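Next come the chains, spelled out residue by residue.
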Amino acid sequence: MNKFWNPDVSTLDPYVPGEQPKEGEFIKLNSNESPFPPAPAVVEAIKAAAEGALQLYPAAESDELRAVVADYYGIKADQVFVGNGSDEALGHAFNALFKHEGKRLVFPDLSYSFYPVYARLYGIETQLIPVADDFRIDLEDYLALDSREVSTIIFPNPNAPTSLALSLAEIERLLQAQPDILIAVDEAYVDFGADTAVKLINQYPNLIVFQTVSKSRSLAGMRVGFAFGQAELLQALVRVKNSFNSYPIDRLAQVAAIAAFQAEDYFQEKRQLIIQWREQLTRDLEGLGFEVLPSATNFVFVTHPEHEAETLAAALREREILVRHFKIPRCAPYLRITIGLAEECNALVEALKDYFERLES
Ligand SMILES: *Cc1c(COP(=O)(O)O)cnc(C)c1O
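Residues numbered from 1 in each chain as written. Predicted model: local features only at pLDDT ≥ 70, side-chain atom pairs only at ≥ 80, totals over all residues. Heavy atoms only, no water.

**Some thoughts on empty space enclosed by the protein**
Note the cut-off: Residues are called lining when one of their atoms sits within 4 Å of a cavity or pocket point, these points coming from a 1 Å grid over the protein atoms alone, where a cavity is a set in which a 1.4 Å probe fits but cannot get out and a pocket is an open set with protein on both sides within 12 Å along at least five of seven lines. Grid points are joined across faces, edges and corners, and a volume is the space filled by probe spheres set on the points. Amino acid classes used here: Ala, Val, Leu, Ile, Met, Phe, Trp, Tyr, Cys and Pro are nonpolar; Asp, Glu, Lys and Arg are charged; the rest, including Gly, are polar.
This structure, assessed with the given rule, holds 2 cavities of 30 Å³ or more. As a volume, the largest cavity reaches approximately 80 Å³. In the lining of the largest cavity, the residues fall into 6 nonpolar, 2 polar and 2 charged. In this structure, the second largest cavity occupies an estimated 30 Å³ of space. Glu187, Ala188, Tyr189, Val190, Asp191, Gln211, Thr212 and Ser216 together form the lining of the second largest cavity. Its residues placed into classes, the lining of the second largest cavity shows 3 nonpolar, 3 polar and 2 charged.

This is the structure we're talking about:
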C-alpha cells in the first residue's frame, strides 16, 4: 500500500485464479477449462470479425447475442444480460441486487471462492452455511432463513468444488418457500449433469441464473457469461454496467459466443465425451483407492484415505500435471481434478500409479 491508495483497497482479499503455466509441457487439469478447442465455426466467425469492423465500437448491449441465446432457451432477449465472463455478470449482481443495507448474503461454506471476494469489494455482509457431512447442500438450512435479514441466497449448481448437483425440484422448492429472497443459481457447470433453472424465470421473479461459455462451450479465453431473469430484475444489472463500462463484450467475443450457441452438434458431442471420460476417470481413481464424489460437472472432487492431497498435488506437478488443491479447512484433504482428454486422464492415472509404486519400493 502507498499513500495514494484508496485505504479500502488494502482491506481487499482478491481471488486467486488457477495457475496458467508459461513454460513446460503441463497437462492442465486445474482450472476446469475445456480440453477441446472451440467449434471450427467459432474460429471462422472470429477471423471474419477481425477482418471486419474493429475500428468501430461493438454493440453495447450485445443485442444479436442476446437474441440468439434467448432463442436457444425459449425466453425473451430482455431476460438475458451479457457480461465479460459470468464473473462480471456476478460482480454486477452483487452490486446491483445483492447489496441491501442491514441484510446478509447467504451461501454455502464450500462454494465458488469468488463470492466472498465480491462481498468484500462491495461491503456486503455474508453468512456461510456449512454443507452437510456428505458435502451436499442441505435445503432445510435455507428454507428457514428470514427475508427481513437476508437479501439473497447464492450457490453454484452443480456446486464447485464439490461437484454435487441439486435437482430442479429442490431449487423450485426453495424459490417457493422464499418468495422475498433473491435466489441466485450459478450454473457454470450445468451442461455436465444438472437441469437448468433458466426455464423457471418466467414463473419466479425471485430467480436469477448465471451461465458461462467458458467451460462447456470451450471459450474461457473469450470472456462471455450471462445472467438470466425477469426483465425488470435485469435492468438493475444494465444500469450498473452502463455506469461502469458500456462496451464490456468486444466484437470478437460477441460473434464467437453467437457461433458457439449455433454449433449445437459440436457442443453436444464434446459435452458427452467429457461426461463419458469423467465416469471412466472416476472408476480408475476408485481403483487406486480414492473416494470420488458423484460429479455432475467437468471435474471430480477426490480424496485418498492414505495420502495427503497437498503431497499428491506436488507429486503430480513434478510429473507435469496440474490439479487444484484448496488449503481451506474442509477442502484440504481433497483434490479438484478437471476432466481432460482421455489420454490426459490416463496420464494422470499413470502418474499416480507411478508415485504409489515408488513409495512402496
Ligand atoms: C468458472 C466459474 C465461473 C466464472 O466463469 P467465467 O464466465 O469464466 O467468468 C463462475 N462461477 C463458477 C462456479 C465457476 O466455476
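Now that the structure is up, let's keep going.
**Considerations on the site of the ligand**
The following threshold applies: One heavy atom suffices: a residue is near a molecule or strand as soon as one of its heavy atoms comes within 4 Å of it. Polar contact criterion, stated in full: a pair of N or O atoms within 3.5 Å, where within protein one must be able to donate a hydrogen and the other to accept it, and residues adjacent in sequence count only if both atoms are side-chain atoms. Shrake-Rupley sampling with a 1.4 Å probe provides the accessible areas, and residues are treated as covered by the protein chains on show and by no other component.
Around the ligand, the surrounding shell consists of Gly85, Ser86, Asp87, Tyr112, Asp186, Ala188, Tyr189, Thr212, Ser214, Lys215 and Arg223. A distance of 2.6 Å is found between an oxygen atom of the ligand and a backbone nitrogen or oxygen belonging to Ser86. Between the ligand and Asp186, the relevant distance is 2.7 Å, taken from a nitrogen atom to a side-chain nitrogen or oxygen of the residue. With the chains in place, 93% of the 390 Å² that the ligand exposes on its own is no longer accessible.

**With respect to the packing of helix α3 (residues 86-98) against helix α7 (residues 231-241)**
We count it as follows: Think of each axis as a best-fit line through the C-alpha atoms, taken over the contacting stretch in the case of a helix, with angles from 0 to 180 degrees between the N-to-C directions. Secondary structure elements follow DSSP: runs of H or I no shorter than four residues count as helices, runs of E no shorter than two count as strands, and numbering proceeds from the N terminus. Relative orientations are named as follows: roughly parallel for angles under 35 degrees, roughly antiparallel for angles over 145 degrees, roughly perpendicular for angles from 65 to 115 degrees, and oblique for any other angle. Note on convention: the crossing is left-handed when the near helix lies turned anticlockwise from the far helix by less than a right angle, right-handed when the turn is clockwise. Working rule for contacts: check all heavy atoms of both residues, and any pair within 4.5 Å makes them a contact.
Between α3 and α7, the least distance of the axes is 9 Å, while the angle of their chain directions is 115°. Our classification of the angle between α3 and α7 gives roughly perpendicular. For the pair α3 and α7, the sense of crossing is right-handed. In this structure, α3 uses His92, Ala93, Asn95, Ala96 and Leu97 to contact α7, whose residues at the interface are Leu233, Ala236, Leu237, Val240 and Lys241. The residue makeup of the contact of α3 with α7, split by class, is 7 nonpolar, 2 polar and 1 charged.

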